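# Observations on chain architecture
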Amino acid sequence: MTFVTANWNPLGEAFYRKVELYEMGWNLKDGLRDCLVAAAPYGGPIALLKEPQRRSPSARPQLEIYSSSGASMASFPWKSGPVKQLGWTVSDDLLCVQEDGTVLIYDLFGGFKRHFSMGNEVLQNHVMEAKVFHSPFGTGIAIVTGAFRFSLATNIDDLKLRRLPEIPGLQGAPSCWAVLTQDRQSKILLANGADLFILDNTSCTPVTPPGLSPLANSIVQMAVSFSYKYLALFTDSGHVWMGPANLKDKLSEVETKVRTPPKQMVWCRRPKSQQPSVVVMWDRHLLVAGECKDTIQYHLDDESFLVPELDGVRIICGTHHELLQEVPAACEEIFKIASMAPGALLLEAHKEYEKESQKADEYLREIKEQSLLGEAVRQCVEAAGYEHEPETQKTLLRAASFGKCFLSNFPPEQFVSMCRDLRVLNAVRDYTVGIPLTHSQYKQMTVQVLIDRLVYRKLYPLAIEMCRYLKTPEYQGVSRVLKHWACCKVQQKEEADEVVARAISVKLGEAAGISYSEIAARAYECGRTELAIKLLEFEPRSGEQVPLLLKMKRSQLALSKAIESGDTDLVYKVVTYLKNEMNRGDFFMTLRNQPVALSLYRQFCKYQEQDTLKDLFNQDDDHQELGNFYVRASYQEGKLEARLSHLQSAVDEYNKAKNEFAAKATEEEMRLLRFQRRVEEEKGERVLGSSLQDTMHCLISAGLHKQAEQLYKDFRVPDKRYWWLKLSALAEKEDWDELEKFAKSKKSPIGYLPFVEVCVKQHNKYEAKKYVSKVTPEQKVKAHLAVGELEGAAEAAIERRSEAEISLVLSRCSPTTDRALLDRLNRARSVTAKK
């Protein structure tokens, strides 16, 4: 396959090749002449700002955006100020840096996104030169003004402008400068004649490149490598100095024999390559310099533009798009003339096998004798990834597959992965797509970013097929692509809302991870409110529907959706919004039509807004609830008159509601309050506000027995309840004499066992024993046990011949209990059990 090496050129120990990527599809009459050009890395788009051919006040520059294959993506006349620099962000947005320091940002299709300014100092002194650069922090911009001062922003998405220090001795514009990223900080490296300076946030430090040719009087061009690790300097003596960006060493210095300052100089270093190499371009002349004294010379047929890449340099002119790169080691080992590398022998073996020649066995035997068949397969697989021609890729992969047949334990992962990667790469390299990625760039970029770039270019079918082919998780792949498609679809205003909503629902279906609310929000931003509402019907999560409906001022629909969700927090959120947005009357009327929301709002007002709750009940003529409201309000009043006033209002409302029971109960409470006030005024006892039971208890405890009797009669307290209250109050007070009098006053309606129990509770068994004799026979056993009289309890139990009571007494016996008593109880239980 000698034709593969036809475009190889040696430089030192390495070879360089120039591969044609595309024959450009654009139709540029004058090529790139009089054009401001910017091309995004990783096979990204190309922007051209073309000056008008006829110089007239009405003529305007034309800004055009193309894919890497020259397919037009956008074109529009430039109506803003003079542009000093074009550049691309890491997300393929176009930056246009104007002379006044304003930076305008456009999307891939020429849609304006936003703008920002680089500060007043730039505005006053204008931009003399600008550079757009990429760093770990994002996309940055560096500017040198007409006052020869530098300003820098390392991330345009989080704009923080920095004005760098002055350069001592600088009387004019620097001869050249570049942006460095070192130690997680962006710096400026500039040349003033033969002097070099590094500008950081706080200082200007002079530096000296080691080993720079003494013939050099001025540094006229510089280039930083794609990774910011290496630096190249071009001097007025025609020398190219190459070294690390920290300027601590020298890699090489080559004499080009051309002293004219180049138009462009960029690095062409392949990852993991041991050889430094720089591409220098003048008009119609290209030179590649490495570590040796020799160079590679190319003639350019047209005005060209260089785009540095991770593993090479793209060369763009009016008719062609090419890639210049160092030949990868695997390709060199296989295709180099007379190569005896394992991969080269395996490729020859496969060629002979296809010819049905016996030489195939000889080649295989030679590889296997050296135990290098696995290495041969690996070389062929790796080389296939570096090739751009599909036929060459297939040839190498067939050779690798042929070699795998003679290996029993070769892991298939590398082969399968490369086949998958090449299928993806060939799809995006297609002329209609125009993303000429190399395998190294693809691995550095990652699949996810590549899918994002396809989505951004609206290549949705290809992105979906790629996600399915690579088996990307649905929420990261197909669903995300479909969501972006839907957001783009809603912007097509020529189609009816119903048609767009139906198309989106059919296309998206039940795809996982898609939020219809986000699509609806995009529709609303585009001024299509009705379409947004239709799309929200497909959103299953009410929590996502409601906020957008509120934003669209569709509060009634938002309230209905919140109620349907059953989420009370969501309902409260909508109700609060309505309360703030509507007048009071409309708000209450809206709630009346939504019983669930009204009920929840009443619960809220019950604890937070009592006055609002009262207004709600008044509006609905809900007299029952108004009565309840006044009763609750009465408990919050400290003054008796105010409390009585609330209770009277409650009685009036209960009467209107025809609730006689509630009205009478409230009137009883009012009578109690008045009685309590009278007691307090007469006796000074604090009883106001207590319940009927607590009031009676307080009166008895205070010895106000007559007042207690009066309360008992006035409020018709049941006898049993009155006796319990008085009994417990006297016992707690330990007024035993009064208790005894009370017991003798008349027959107790609750019996006398409670007298025994309350005395025992107060630890007074002496008083308790006074009432044991008065208890009924059924309560004798319990009474005796309560005061600790075991024998009395036994006598009562035996006398009643109750097996349960006998057993109860036995359960209270202890090991020290009289033996005779135990025998009597056991005999009695036995006799009772037989009966």
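Because the structure is a prediction, the values reported are computed rather than measured.

By the definition in use, this model includes 30 salt bridges. Between K50 and E64 there is a salt bridge, with the nearest N and O atoms lying 4.0 Å from each other. Of this pair, K50 sits in strand β4 (residues 46–50) while E64 sits in strand β5 (residues 62–66), and the two are 14 residues apart along the sequence. Assessed through its relative accessible area of 24%, K50 is described here as partly exposed. By relative accessible area, which is 10% here, E64 ends up buried. Put simply, E166 and R149 hold a salt bridge, and the shortest N to O gap is 3.2 Å.

Turning to the sheet that holds strand β22 (residues 252–255), a few remarks are in order. An order of β19-β20-β21-β22 is seen for the four strands of this open sheet, with the pairing classed as antiparallel. The sheet terminates laterally at β19 (219–224) and β22, the two strands that pair on one side only. On average, adjacent strands in this sheet sit at an angle of 15° to one another, irrespective of strand direction. Note: β19 against strand β20 (residues 230–235), five bridges, orientation antiparallel. The residue bridging V224 from the neighbouring strand is L231, located in β20.

The next thing to look at is the sheet that holds strand β28 (residues 312–317). Pairing in this open sheet of five strands is antiparallel, and the strands run β1-β2-β29-β28-β27 from one edge to the other. Either end of the sheet is taken by a strand with one partner, and the two such strands are β1 (8–11) and β27 (304–309). Strand-to-strand twist in this sheet, taken as the mean axis angle between neighbours without regard to direction, amounts to 25°.

Let's shift gears to the side chain of T438. By the element assignment, T438 lies in the loop between α7 (413–429) and α8 (439–445). When its relative accessible area of 5% is taken as the criterion, T438 is described as buried.

Here helix α5 (residues 373–386) is 14 residues long and its end C-alpha atoms lie 21 Å apart, about the 20 Å a rise of 1.5 Å per residue gives. Listing the buried residues of α5 in full gives L373, A376, V377, Q379, C380, V381, A383, A384 and G385. At its buried positions, α5 is contacted by α2 (329–335), α3 (342–354), α4 (359–369), α6 (390–404), α7 and α8.

What follows covers the packing of aromatic side chains. Under the defined criterion, the tally for this structure stands at 13 aromatic pairs. Three or more aromatic residues link up through ring pairs in this structure, and these residues are F76, W78, Y106 and F112. Over the ring of Y230 we find R269; its NZ or CZ atom is 4.1 Å from the centre of that ring. The side chain of R423 reaches across the aromatic face of Y469, ending 4.6 Å from its centre.

Looking now at the nonpolar core. Buried together is how nonpolar side chains tend to be arranged in soluble globular proteins. If you look at the biggest cluster of nonpolar residues, it comprises 85 residues, and the most contacted ones within it are L346, I504, L508, I519 and L535. The residues contacting I519, other than those within four sequence positions of it, are K483, A486, C487, V490, I504, L508, I514 and L535. One finds V179, L190, A191 and Y228 within the second-largest nonpolar core, a separate group that totals 31 residues.

With six of its six residues buried, β28 lies for the most part within the structure. Side chains G312, R314 and I316 project from β28 onto one buried face, and the interleaved V313, I315 and C317 project onto a second face that is buried too. Pairing analysis gives six bridges linking β27 to β28, with the strands arranged antiparallel. Residue pairing in the sheet places P308 in a bridge with V313 of β28. Counted between consecutive antiparallel strands, the loop separating β27 from β28 contains two residues. The pairing of β28 with strand β29 (residues 320–326) spans four bridges and is classified as antiparallel. Across the sheet, residue V313 finds its bridge partner in β29, namely L324. Connecting β28 to the antiparallel partner β29 that follows it, the hairpin turn spans two residues.

Parameters at a glance
Residues numbered from 1 in each chain as written. Predicted model: local features only at pLDDT ≥ 70, side-chain atom pairs only at ≥ 80, totals over all residues. Heavy atoms only, no water. Salt bridge = Lys/Arg side-chain N within 4 Å of Asp/Glu carboxyl O. Helix = DSSP H or I, 4+ residues; strand = E, 2+ residues; numbered from the N terminus. Buried < 20%, exposed > 50% of the residue type's maximum accessible area, 1.4 Å probe, protein only. Pairing = 2+ DSSP bridges. Axes fitted to C-alpha atoms, helices over the stretch in contact; angles between N-to-C directions. Expected span 1.5 Å × (residues − 1). Contact = heavy atoms within 4.5 Å. Phe/Tyr/Trp six-rings, centres within 6.5 Å; stacked < 30°, edge-to-face > 60°. Lys NZ or Arg CZ within 6 Å of the ring centre and 35° of its normal. Core = buried A, V, L, I, M, F, W, Y, C linked by side-chain atoms within 4.5 Å.

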